[in-house]
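Report on the structure
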Amino acid sequence: MGKEKDGVAHYPLVIPSRRQPQARAREESAFVFGWRSASGLRLNAMSRSYQFDAIVIGAGHNGLTAAAYLGGAGLSTLVLERREIVGGCCVTEEIAPGCRASTTSYIASMLRPEVIRDLQLASYGLRMVPCDPALQVPFPDGQVIPWWADRERTINELRKISSKDAQTFVRVDDQLKKLARYLQPFFLEPPPEIEMDGIHSWWNLLRVGKRFRGITNTEIAQLISFLTGSLGDFLDRNYESEKIKTLFLANNVYGKHGGPYDPGTALGLLFHLLSGGEHELQGFYGHVIGGMGAITQALAAAARKRGVEIRTSAPVARIDVRDGRVRGVVLEDGTEISARVVLSNTDPKRTFLGLVDKNELPEDFRRAVSGIKMNGPCAKVNMVLAEEPKINGMPRDASPAQRALFTLVPSLEFAERCYDIAKFGDIPEELWVDCVVASNVDDTLAPKGRHIMTCFVQYVPYFLRSGTWDENRELLGDRVIKKIAEYAPNVPRAVVARQVLTPLDLERIYGLTEGNIFHGDLTLEQLFFMRPVPGWSQYRTPILGLYLCGAGAHPGGGVTSAPGHNAAFQVLRDLRRHHPKDPRA
Ligand SMILES: Cc1cc2nc3c(=O)[nH]c(=O)nc-3n(C[C@H](O)[C@H](O)[C@H](O)COP(=O)(O)OP(=O)(O)OC[C@H]3O[C@@H](n4cnc5c(N)ncnc54)[C@H](O)[C@@H]3O)c2cc1C
């Protein structure tokens with residue numbers, strides 16, 4: 001049954017109208033945008049009556065990416081951001097005088113290399129250094145297991161624990177990398193539509209078929225099992241050592257609902273092997289010099305260079321829709337700005353249930369949006385320390401880079417219990433904490449003698465069973481420090497400053513509905529052609545000229561720039577603008 005929250009009913013997912021909405025939207029777009037007129041002439045003629053060709057609501061990394069591509073294609077583009085800074089969940093902020101941290105996202109692993117190159121982000125100061133180790137788990141018995149960027153080195157590390165598992169690792173790693181390559185191309189293009197007819201459906205089928213050319217029956221079975229199976233079952237089937245299984249766990253499930261034994265949790269194994277970084281390395285994990293905000297600063301600079309105007313402290317109150325067609329936006333201060341197209345970087349619930357008048361949307365579409373599972377299961381605690389954490393069992397000769405990250409989760413069973421507690425609305429006493437001491441690899445973040453540690457907390461509820469997050473904020477901070485102290489006893493007395501971001505804070509400060517870091521849970525029923533809701537996976541919406549360009553659209557959350565890139569190209573295609581970088585041109 002639907003659940004009331006803030007006057008909005010939350011219903012289970014309902015497939016919206018089956019009247020081929022995408023096809024209808026495309027045909028209507030053709031009429032409104034004048035596709036059938038000669039190459040964009042109609043656009044130029046019409047754009048005179050609008051202040052901008054395009055408005056992007058939100059300056060998250062996806063909004064900025066979309067804006068940069070639209071600006072690059074010659075569209076006059078305005079970005080409106082409610083906060084006083086750009087970046088959304090990809091920012092560097094001061095958390096104590098002179099001390100800066102990646103307050104929300106903290107590791108760059110999936111930022112699309114194509115976007116880095118197209119927008120020449122390196123020329124605007126973006127620099128990433130590979131995390132090495134990519135991840136590392138200290139165990140309560142003092143053993144520390146790193147997962148090195150170099151595969152042979154990792155295999156040697158695993159061999160010390162189980163030679164059988166070390167052999168399995170080679171086989172499984174090869175298999176995963178091969179399967180991930182089939183999925184990779186889908187990242188930078190709209191997913192196939194489920195409701196199409198005529199030539200488009202054939203073209204779509206052909207496109208999908210081409211991506212899977214050469215796939216064997218065994219690989220199809222493996223792919224399906226990764227898409228639908230559980231991480232825990234997969235690891236139990238393949239590995240004997242609990243510690244090695246935990247190493248895989250430490251790399252997965254972040255931000256997702258579900259313990260490691262829930263169906264669909266194995267998918268992360270493939271997602272994390274998509275190539276990333278400037279040099280397209282499979283399984284890349286990067287520290288961003290200057291913090292994650294350096295990514296969005298570079299994107300903003302690239303956008304401005306392409307003529308985009310960016311206004312901060314400019315919250316949009318309403319998307320102006322008349323006769324089923326977008327006309328522009330109205331800011332909270334009453335300013336009206338018109339545009340031919342509007343792209344929303346805010347999550348689907350915020351966009352369709354918050355910014356669009358309910359009479360402008362079909363009821364079944366609104367119901368489907370209401371049913372998107374959000375209910376963010378994570379939090380973040382950022383700290384300034386007077387000395388870096390001294391992890392029990394860390395080798396004496398460990399490099400600063402090795403001492404820069406560690407994940408505190410002792411076993412799959414621990415994680416499963418943690419999720420069970422959180423899912424019933426309680427804050428687990430024993431937390432899963434992923435720590436990065438970014439200042440160990442980046443001396444731009446804090447003055448000498450100060451260390452920046454960010455701690456991602458997996459599995460806390462947005463809806464508390466009792467009490468409020470305002471009452472429990474410091475309790476969460478205390479529990480995080482207590483957990484870290486079990487592995488690095490020097491930390492509690494080294495804390496100089498701390499910032500606790502509960503799921504509610506993620507909603508209030510960063511605008512994430514229910515604190516969901518991916519603008520909607522990354523479960524199978526909310527992915528590919530079902531993201532944000534079935535029938536509307538191609539960035540278009542039931543309102544002509546209104547597009548979704550954030551993590552709530554395909555391929556989902558994480559700092560990837562993919563939804564922003566894909567939405568921009570969809571707009572350009574609808575406007576009949578040829579772009580040399582269009583992957584589908
Ligand atoms: C705590 C945390 C840790 C994470 N860790 C990682 C990580 O390590 N690696 C990784 O890849 N991903 C991570 N993620 C996920 C990733 O950061 C997000 O999925 C991604 O940044 C979303 O980007 P976006 O541009 O789609 O949306 P957002 O970054 O959410 O941007 C949306 C923007 O819209 C603005 N906005 C909202 N409403 C309005 C309005 N009415 N008017 C104007 N502007 C508005 C918001 O202020 C915001 O700036 C993390 C996220 C969080 C919160």
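Everything in this summary refers to the structure shown in the same document.

Cut-off values and rules
Residues numbered from 1 in each chain as written. Predicted model: local features only at pLDDT ≥ 70, side-chain atom pairs only at ≥ 80, totals over all residues. Heavy atoms only, no water. Near = heavy atom within 4 Å. Polar contact = N/O pair within 3.5 Å; in protein donor to acceptor, adjacent residues only side chain to side chain. Areas by Shrake-Rupley, 256 points an atom, 1.4 Å probe, with all protein chains shown as cover. Nonpolar A, V, L, I, M, F, W, Y, C, P; charged D, E, K, R; others polar. Helix = DSSP H or I, 4+ residues; strand = E, 2+ residues; numbered from the N terminus. Expected span 1.5 Å × (residues − 1). Buried < 20%, exposed > 50% of the residue type's maximum accessible area, 1.4 Å probe, protein only. Pairing = 2+ DSSP bridges. Axes fitted to C-alpha atoms, helices over the stretch in contact; angles between N-to-C directions. Contact = heavy atoms within 4.5 Å. Salt bridge = Lys/Arg side-chain N within 4 Å of Asp/Glu carboxyl O. Core = buried A, V, L, I, M, F, W, Y, C linked by side-chain atoms within 4.5 Å. Lys, Arg positive; Asp, Glu negative; His and termini not counted. Parallel < 35°, antiparallel > 145°, perpendicular 65-115°, else oblique. Phe/Tyr/Trp six-rings, centres within 6.5 Å; stacked < 30°, edge-to-face > 60°.

The local shell around the ligand holds 32 residues, among which N62, E81, C89, I517 and V559 are the closest. At 3.5 Å, a backbone N or O of G88 approaches an oxygen atom of the ligand. Measuring from a nitrogen atom of the ligand, one finds a backbone N or O atom of V316 at 2.9 Å. Alone, the ligand offers 1000 Å² of accessible surface; in the complex the protein occludes 96% of this. Considered class by class, the residues forming the shell around the ligand number 14 nonpolar, 13 polar and five charged.

What follows concerns helix 6 (residues 163-183). Count 3.6 residues to each turn of an α-helix, and residues three or four apart come out pointing the same way. Its 21 residues place the ends of helix 6 31 Å apart at the C-alpha level, agreeing with the 30 Å of an ideal helix rising 1.5 Å per residue. Those residues of helix 6 lying buried are D165, A166, T168, F169, V172, D173, Q175, L176, L179, A180, Y182 and L183.

Sheet strands pair via backbone hydrogen bonds, and the direction of the pair is either parallel or antiparallel. Taken together, five strands build an open sheet; the order of strands is 18-19-20-17-21 and the sheet is antiparallel. Edge strands, defined here as strands with exactly one partner in the open sheet, are strand 18 (405-408) and strand 21 (495-501). The average angle at which neighbouring strand axes cross in this sheet is 15°, direction not considered. Note that strand 17 (residues 378-385) and strand 21 share six bridges and pair antiparallel. When the bridges of strand 21 are listed, N382 appears paired with Q499. Sitting on the sheet, helix 16 (residues 469-487) touches strand 17, strand 18, strand 19 (432-437), strand 20 (451-458) and strand 21, and the angle it makes with strand 21 is about 125°.

This next bit is on the pattern of salt bridges. For the structure shown, the criterion picks out 26 salt bridges. Across the salt bridge formed by K245 and D236, the nearest N and O atoms sit 2.9 Å from each other. On the basis of relative accessibility, which here comes to 5%, the residue K245 falls in the buried class. Of the residues examined, D236 reaches a relative accessible area of 34% and is grouped as partly exposed.

Generally speaking, a soluble globular protein has its nonpolar side chains buried in company with each other. Judged by nonpolar contacts, the single largest core of 77 residues is most densely connected at I55, L80, I295, V329 and L343. When residues of this core are assigned to their parent elements, the largest contribution, seven residues, is made by helix 12 (residues 293-305). Excluding residues within four positions of it along the chain, V329 makes contact with I55, I57, L80, V316, R318, I319, D320, T335, E336, I337 and V342. With 61 residues, the next largest nonpolar core counts A166, F226, L231 and L270 among its residues.

On the secondary structure map, E93 appears in strand 5 (residues 93-96). A distance of 2.8 Å separates a polar atom in the side chain of E93 from a polar atom in the side chain of Y510. Discounting residues that sit within four places of it in the chain, E93 has contacts with R83, I85, C99, R100, A101, T103 and Y510.

With respect to the secondary-structure elements, D347 resides in the loop between strand 16 (336-344) and helix 13 (348-355). R350 provides the closest opposite charge to the buried, unpaired D347, separated from it by 4.4 Å. Reaching out from D347, the side chain makes a polar contact with the backbone nitrogen of R350 at a distance of 2.8 Å. Setting aside anything within four residues of it in sequence, one finds D347 in contact with M374, G511, L512, T513 and H519.

Turning our attention to the pairing of strand 19. Extensive coverage of strand 19 is indicated by the burial of six of its six residues. Burial of strand 19 is two-sided: the residues W432, D434 and V436 facing one way and the residues V433, C435 and V437 facing the other way are all buried. In this sheet, strand 19 lies alongside strand 18 in antiparallel orientation, the contact comprising four bridges. From the neighbouring strand, L405 faces strand 19, where its bridge partner is V436. The sheet contact formed by strand 19 and strand 20 spans six bridges and is antiparallel.

One can find S102 in the loop between strand 6 (99-101) and helix 4 (113-118). Judged by relative accessible area, S102 falls into the buried class, the value being 9%. Taking the C-alpha atoms as reference points, S102 and A438, 336 residues apart in sequence, are found 8.6 Å from one another. Setting aside anything within four residues of it in sequence, one finds S102 in contact with V91, T92, G291, M292, K380, N382 and T454.

Attention shifts here to the packing of helix 16 against helix 18 (residues 503-510). Running from N to C, helix 16 and helix 18 point in directions that differ by 115°, and their axes come no closer than 9 Å. Between helix 16 and helix 18, the angle is such that the two are roughly perpendicular. Touching W469, D470 and R473 of helix 16 are P503, L504, D505 and R508, all from helix 18. Of the residues contributing to the contact of helix 16 with helix 18, the split by class is three nonpolar, no polar and four charged.

What follows covers the packing of aromatic side chains. According to the stated counting rule, one finds 14 aromatic pairs in the structure shown. Ring geometry for Y69 against F569: centres 5.2 Å apart, planes inclined by 55°, an arrangement best described as tilted. Note that Y69 is positioned in helix 3 (residues 61-72) and F569 in helix 19 (residues 562-574), a separation of 500 residues in sequence. Comparing Y69 with F569 shows no difference in burial state: the two are buried. Judged by centre distance (5.6 Å) and plane angle (80°), the rings of W432 and Y459 are edge-to-face. On the criterion of sequence distance, the pair formed by W432 in strand 19 and Y459 in the loop between strand 20 and helix 16 is long-range, its members being 27 residues apart.

All right, on to helix 16 then. Over its 19 residues, helix 16 extends 27 Å from the first C-alpha to the last, a length consistent with the 27 Å expected when each residue adds 1.5 Å. Restricting attention to buried positions, one finds in helix 16 the residues W469, N472, R473, L476, G477, R479, V480, I481, K483, I484 and Y487.

So, about the pairing of strand 3 (residues 52-57). For strand 3, the tally of buried residues reaches six of six residues, placing the bulk of the element in the interior. Relative to strand 4 (residues 77-80), strand 3 runs parallel, the two being bridged by four bridges. Looking at the pairing, I57 lines up with L80 of strand 4.

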